[in-house]
Amino acid sequence: MGEKEYLLDRTLESWRGKRVALAIGSEQSFTGILEDFDDEVVLLRDVSDVVQNRAKALLVKIDDINWIMLL
């Protein structure tokens, strides 16, 4: 039997290259294109926050993400 494929891995893989929103803590949320991920971090590109501040990229520890959704 092969390595177990986790729901998070399957879901993020299907969302790669698509726009997502995520929340860090209770007050910070961002949108961006899901560029890549591994067991520890998620990388977004073309990022903006709720007040439309923009950045080229955002690297977030998976443990710090409260929720993530496909837009």
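All of these numbers come straight from a predicted model, not from anything done at the bench.

What counts and what doesn't
- Residues numbered from 1 in each chain as written.
- Predicted model: local features only at pLDDT ≥ 70, side-chain atom pairs only at ≥ 80, totals over all residues.
- Heavy atoms only, no water.
- Pairing = 2+ DSSP bridges.
- Helix = DSSP H or I, 4+ residues; strand = E, 2+ residues; numbered from the N terminus.
- Axes fitted to C-alpha atoms, helices over the stretch in contact; angles between N-to-C directions.

What follows concerns the sheet that holds strand E2 (residues 28–37). To summarise the sheet geometry, strands pair through backbone hydrogen bonds and adopt either a parallel or an antiparallel arrangement. Taking strand neighbours across the sheet as the criterion, the five strands line up as E4-E3-E2-E1-E5 in an open arrangement whose pairing is antiparallel. Looking at strand neighbours, the two that pair on one side only are strand E4 (54–61) and strand E5 (65–70), the edges of this open sheet. Recorded for the sheet is a direction-independent mean angle of 40 degrees between the axes of neighbouring strands. Sheet topology note: the strand E1 (residues 19–24)/E2 ladder contains six bridges and is antiparallel. Bridging across to E2, Leu-22 finds its partner in Phe-30.

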